[in-house]
Amino acid sequence: MSHISPVIWQFLEKWLTTFAIFPPQASAIAPYTDALYFFLILITLAGGVIVTLLVVGFSILYRKDKNPVATQIEGSTLLEATWTIIPLALFMVCFVWGALLYFRIYNPPTNAMNIYVVGKQWMWKVEHPGGQHEINALHVPIGKPVQLTMISQDVFHSFSIPAFRVKREVIPGRYSTVWFEATKVGTYHLFCTQYCGTSHSAMIGDIVVMTQADYKAWLATSVSGASLAQNGERLFASLSCNACHSGDAAARGPNLANLYGSRIQLANGSLTTADDAFLRESILNPSMHAVAGYAPIMPTYQGQISEEGLIGVVEYIKNLNSNYRVQQTLNTTELAPTQQTGVEPGATSGTRSGTAAPSVPGMVK
Amino acid sequence: MSTIVKLPPQEGATLPRRSYLNDGYGLKSWLLTGDHKRIAILYLISITFFFFIGGAMAGLIRLELLTPQPDLVASDTYNKLFTMHGVIMIFLFLVPSVPAVIGNFVIPIMLGAKDLAFPKVNLLSWYLYVAGGIFTLSAMVLGGVDTGWTFTTPLSTHYLNTHVITAALGIFVAGFSSIFTGLNFIVTIHRMRAPGMTWFRLPLFVWSNYAASILMVLGTPVLAIAIVLVALERTIGIGVFDPARGGDPLLFQHLFWFYSHPAVYIMILPGMGVISEVISTFSRKRVFGYTAVAFSSVAIAVFGFFVWAHHMFIMGVSNYSALVFSLLTMLVAVPSAIKIFNWTATLYKGSITFETPMLYAFGFIGLFTIGGLTGVFLGSLGMDIHLTETYFIVAHFHFVMVGGMLMAYLAGVHFWWPKMTGRMYPESLSKLAAVVTFIGFNLTFFPQFVLGYLGMPRRYHAYPPEFQVLNVLSTAGATVLGVGYLLPMIYMTWSLKYGAIAGNNPWQATGLEWQTQSPPITSNFVETPIMDHEAYDYDWLANKTTHEVTTVG
Ligand SMILES: [Cu+2]
Ligand SMILES: [Cu+2]
């Protein structure tokens, strides 16, 4: 190797020693996924080797030079049954194993902490309940189940963390969720895996896994403005939701305190659970989700509130367990909005010159 | 190594005086022909053209991926390249390849018929195909499309201002070409079989094309509907897919995959038919378990319609439908496994020779086994979460479509080339091409499985630097693969003039197409053949040959 220039040699060495062949195993689920993966590889190897051995073996044994005349054979029901049943049985194992893993990956534990993710061409916006915002990055603590509630503002995206072996489509107009529990401190890739236009391959980011102490410190230093729920409360007042949802017996809309997670009887007769998706839908398409026992008078807020704003309101309603403050707000007639995060003036996002606006832009009277 | 090839004595041998090739001269006699053989040749030329365009794009894609940075082309250009590569290779190459070229040429002859049931419709199919191709090319020339071949909404309907409608129109029109081809095959196979040609005497190639035709006829209209809806949504905003108008963005995925999953069987089934013919011929044996192989084609066609949602496991389909679709996906893998084992068993106690079609068929068996088994990874729900939308998918379907289908197509083209042209291709060069293709293929696509498990997303213009080594390997493989595909192009053309005269039946094969002259006359047979034996009856063939020798001698 003496004639290779040292520069090239160094380059080659670096190149060949830093390349990856197996992703880091950094979540509680990853070992389970990898176990199934190795089992599937084993099946593939076995299948490949058996077929290769048979083809090569027969080619040697029964080549024309050795076996000039073929012996005609009709078939054999027994043999055919064998190679129907054995693959079928193996595939069934893969099916059951895969299904168990799927439910493990997609059913979050009840104590998971929730973080919101909004995807848009071509960035990831992360909203922590405490009001921390991140772009193309997500900080999470180690050893704690984290659930992501995700939505897209425009096209399909897909939120993929290979080191955690989890991925979920991020869909316009619909919440989807995914959860994981990180097990190893480090920085990992975040990819958008659903083709979403020009800069699809730039819609990437860092997943930063921190110890719980570091994470607390990070949360404390990264607060910017109000928490999601506070923001939601402000919107709740400025969009006059409180006018109908005051919690009074005489109120025109249902009481929203302690609504989250309860079973709701809809006007069309069906029963549904008040989850994040239901709350979001009730605000955007109230008539499609009208609650039994109320007149369908709630206006739609479609186009008047951004996805981030919705997340705030949803987070607010989720945490609402008394109407005391709702009524307080109603009584102090004028609540000057200090911050307008989340309220978008109409459909066009234009400039946000909130200074001269007489009332909150996009507010329904 | 001994061979099965038996050519007429070359000195003094000529092509038959009268054949479909010299029954009329001039462009018009080709462009207005009703002869299934001439139409097959028209298809052969046009799909080869599109194959090399699609291939050139694949080359550019691989070249770009040589480095992690997006440096060769702009992102938009890159997106257009993979879109066009997908659209051209799937709709303009793979779907028509075996049925429209080889099927068109040999199915009527295999049945002992003079032509397909509707010769004019057959010609119309070709014109529709060409029209579809022209729309697609114009979309490309006018500035390209960047939707991906999957046309995902709402990206394709609201967010791109490229030539989506033109390309969609191309696919729509080409779709009708395959619907008509499918119809033509179904009717022909039902109605035009020679006396004595019962269903269970049909060559397996006919069975598999029959199954594929059913898929074409039933599946393609759904694609047409999906595409029309995309066009309407794009132009007048009907709002079926747009959540802001109360539409369902997932509906498009359902419609699209309802066609596009069966489409993989439309592509692979005819290829499987080729493999059955080739394996039987070069091991001198009846295909092991003929009925099982025939019915497994039908089973694939039937199950193939009920697995589409396995493309949507991470998109929030309900848990129960995920379970059902995963289960059905596992079931549809079984008939493919049966076929693999039946072909392998056909070799047992055969008298095997290794001509080029057989080498390609061996390549098919190996690569399709891996392609099929990696499909089980993806059908397995929890595993799919990590693998879907990554290079694992890319590797999986290239193993099935390129390693499987393209190998089968090349096996078929080599196998029936003497019948189509009356001349042999050069044997050692073609063996070299088969081996080069196999090596190049593995080098290109094997690293992509590893990349996929690492999480490298598909359709990425740039990627993290630690993925580079594997990408470089893949690009190197693509170069070798490119050589493997150029070779046949060259020596096949050469053989048109200089190839050895093949005679009626160079492979000593049993199909009816081998009992007539090469190239055949326009009406295929001088008198309608009578089928009085099973398919792949090599004893019948041996008897017939000795009989011929005694009467002539
Ligand atoms: Cu993307
Ligand atoms: Cu599929």
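The structure presented is a predicted model; accordingly, all values stated were derived computationally and were not measured. (Residues numbered from 1 in each chain as written. Chains lettered and ligands numbered in written order. Predicted model: local features only at pLDDT ≥ 70, side-chain atom pairs only at ≥ 80, totals over all residues. Heavy atoms only, no water.)

### A word on the overall build of chain B
Argument step 1. Per the secondary structure count, chain B includes 16 helices and zero strands.
Argument step 2. Against the 2.2 N^0.38 benchmark of 24 Å for 553 residues, chain B shows a C-alpha radius of gyration of 23 Å, consistent with a compact globule.
Argument step 3. Based on the C-alpha atoms only, the size of chain B along its principal axes is roughly 80 × 45 × 45 Å.
Argument step 4. Counting only residues that meet the buried cut, chain B has 65% of its 553 residues in that class.
Argument step 5. For chain B, the proportion of contacts with a sequence separation of at least 24, taken over those separated by at least 6, is 83%.
Argument step 6. Accessible surface, chain B as shown: approximately 17,800 Å² in total, 71% of it carbon and sulfur.
Argument step 7. A distance of 9 Å separates the average location of the 27 positive side-chain charges in chain B from that of its 24 negative side-chain charges. (Helix = DSSP H or I, 4+ residues; strand = E, 2+ residues; numbered from the N terminus. Rg over C-alpha atoms; globule rule 2.2 N^0.38 Å. Buried < 20%, exposed > 50% of the residue type's maximum accessible area, 1.4 Å probe, protein only. Contact = heavy atoms within 4.5 Å. Areas by Shrake-Rupley, 256 points an atom, 1.4 Å probe, with all protein chains shown as cover. Lys, Arg positive; Asp, Glu negative; His and termini not counted. Charge placed at Lys NZ, Arg CZ, Asp CG, Glu CD.)

### Section: the overall build of chain A
Argument step 1. The helix and strand inventory of chain A stands at nine helices and twelve strands.
Argument step 2. Per-residue burial for chain A yields a buried fraction of 46% across its 365 residues.
Argument step 3. Expressed as a percentage of contacts within chain A between residues at least 6 apart in sequence, the contacts between residues at least 24 apart total 67%.
Argument step 4. For chain A, the accessible surface area stands at approximately 17,600 Å², while carbon and sulfur atoms represent 62% of it.

### Side note on the coordination of the copper ion (ligand 2)
Residues and elements named next belong to chain B.
Argument step 1. Distances from the copper ion (ligand 2) to its protein donors, His261 (ND1), His310 (NE2) and His311 (NE2), fall within 1.6 to 2.1 Å.
Argument step 2. Along the chain, the residues that donate to the copper ion (ligand 2) are spaced as H-x48-H-H. Of the two residues, His261 is situated in helix α8 (residues 249-283) and His311 in the loop between α9 (290-303) and α10 (319-347); the sequence distance between them amounts to 50 residues.
Argument step 3. Overall, the relative accessible area of 6% leaves His261 in the buried class.
Argument step 4. Taking the relative accessible area as the measure of exposure, His311 reaches 26% and is therefore partly exposed. (Donors = N, O, S within 2.8 Å, 3.2 Å for Na, K, Ca; no water.)

### Thoughts on the coordination of the copper ion (ligand 1)
Residue and element names in this part refer to chain A.
Argument step 1. Protein ligation of the copper ion (ligand 1) involves Cys192 (SG), Gln194 (O), Cys196 (SG) and His200 (ND1), the donor distances falling in the range 2.1 to 2.6 Å.
Argument step 2. Classification of the site at the copper ion (ligand 1) rests on its four donor atoms, whose angles at the metal span 87 to 126 degrees, yielding the label tetrahedral.
Argument step 3. Between the donor residues of the copper ion (ligand 1), the gaps in sequence give the motif C-x1-Q-x1-C-x3-H.
Argument step 4. Judged by relative accessible area, which is 1%, His200 ranks as buried. (Tetrahedral: all angles 85-135°; square planar, octahedral: opposite > 155°, others 65-115°.)

### Description of the confidence of the model for chain B
Argument step 1. Residues at a pLDDT of 70 or more form 99% of chain B, whose mean pLDDT is 92.
Argument step 2. With pTM at 0.90, the complex prediction returns an ipTM value of 0.92. (pLDDT = per-residue confidence, 0-100.)

### Remarks on the pairing of strand β1 (residues 113-120) of chain A
Residue and element names in this part refer to chain A.
Argument step 1. With six of its eight residues buried, β1 lies for the most part within the structure.
Argument step 2. Across seven bridges, β1 lies against strand β5 (residues 145-152) in parallel orientation. When the bridges of β5 are listed, Ile115 appears paired with Leu148.
Argument step 3. By the bridge criterion, five bridges tie β1 to strand β2 (residues 123-127) in an arrangement that is antiparallel. (Pairing = 2+ DSSP bridges.)

### Here's the deal with the side chain of B:Asn209
Argument step 1. Considering the arrangement of structural elements, one finds B:Asn209 in helix α7 (residues 204-236).
Argument step 2. Within the structure, B:Asn209 has its side chain in polar contact with the backbone oxygen of B:Phe205 (distance 2.9 Å). (Polar contact = N/O pair within 3.5 Å; in protein donor to acceptor, adjacent residues only side chain to side chain.)

### As for the environment of B:Gly24
Residue and element names in this part refer to chain B.
Argument step 1. Examined against the element boundaries, Gly24 turns out to sit in the segment before α1 (27-31).
Argument step 2. A relative accessible area of 29% places Gly24 in the partly exposed class.
Argument step 3. Ignoring anything within four residues of it in the chain, the contact list for Gly24 reads Ser29 and Arg38.

### Here we look at the pattern of salt bridges
Argument step 1. Evaluated as defined, the whole model comprises eleven salt bridges over all chains.
Argument step 2. Between A:Lys125 and A:Glu308 there is a salt bridge, with its nearest N and O atoms 2.7 Å apart. Within this pair, whereas A:Lys125 is found in strand β2, its partner A:Glu308 is found in helix α8 (residues 307-318), the two being separated by 183 residues in sequence.
Argument step 3. With a relative accessible area of 13%, A:Lys125 lands in the buried category.
Argument step 4. Where B:Glu534 meets B:Arg201, a salt bridge forms, and the shortest distance between an N and an O atom there is 3.8 Å. Residue B:Glu534 is located in the loop between α15 (468-498) and α16 (538-552), and its partner B:Arg201 is located in the loop between α6 (164-191) and α7; the two are separated by 333 residues in the primary sequence.
Argument step 5. Members of the salt-bridge network, linked through shared partners, are A:Glu74, B:Arg201, B:Arg286 and B:Glu534. (Salt bridge = Lys/Arg side-chain N within 4 Å of Asp/Glu carboxyl O.)

### Description of the environment of B:Phe306
Residue and element names in this part refer to chain B.
Argument step 1. Considering the arrangement of structural elements, one finds Phe306 in the loop between α9 and α10.
Argument step 2. Residue classification places Phe306 among the partly exposed residues on the basis of a relative accessible area of 44%.
Argument step 3. Between the C-alpha atom of Phe306 and that of Thr166, which follows or precedes it by 140 residues, the distance is 30 Å.
Argument step 4. Not counting chain neighbours up to four residues away, the residues in contact with Phe306 comprise Phe325 and Leu328.

### Quick word on the sheet that holds strand β4 (residues 137-141) of chain A
All names here are of chain A.
Argument step 1. Spatially, β4-β10-β9-β6-β7 is the arrangement adopted by the five strands of the open sheet, whose pairing is mixed. Because the sheet does not close on itself, it has two edges, and the strands there are β4 and β7 (166-170). Taken pair by pair, the neighbouring strands of this sheet meet at an average axis angle of 20 degrees, ignoring direction.
Argument step 2. Summarising the sheet, strand β6 (residues 157-161) and β7 pair through five bridges and their orientation is antiparallel. Within the sheet, the bridge partner assigned to Phe159 lies in β7 and is Arg168. (Axes fitted to C-alpha atoms, helices over the stretch in contact; angles between N-to-C directions.)

### A few points about the sheet that holds strand β8 (residues 176-181) of chain A
All names here are of chain A.
Argument step 1. As summarised here, the arrangement of the five strands in space is β3-β2-β1-β5-β8, forming an open sheet in which the pairing is mixed. For this open sheet the edge positions go to β3 (133-135) and β8, each flanked by a neighbour on one side alone. Pairs of neighbouring strands in the sheet enclose a mean axial angle of 25 degrees, with direction left out of account.
Argument step 2. α8 rests against β1, β2 and β5 of the sheet, and its axis sits at about 165 degrees to β1.

### So, the interface of chain B and chain A
Argument step 1. Tallying the contact residues gives 94 residues for chain B and 86 residues for chain A.
Argument step 2. Both faces considered, chain B and chain A share a buried interface measuring about 7,700 Å² in area, 68% of it formed by carbon and sulfur atoms.
Argument step 3. Put simply, B:Arg286 and A:Glu74 hold a salt bridge, and the shortest N to O gap is 3.2 Å.
Argument step 4. If you tally residues by element for the side of chain B that touches chain A, the top one is α10(B), at 17 residues.
Argument step 5. Classifying every residue of the side of chain B that touches chain A by side-chain character gives 55 nonpolar, 27 polar and twelve charged. (Buried area = accessible area lost by both parts, 1.4 Å probe. Nonpolar A, V, L, I, M, F, W, Y, C, P; charged D, E, K, R; others polar.)

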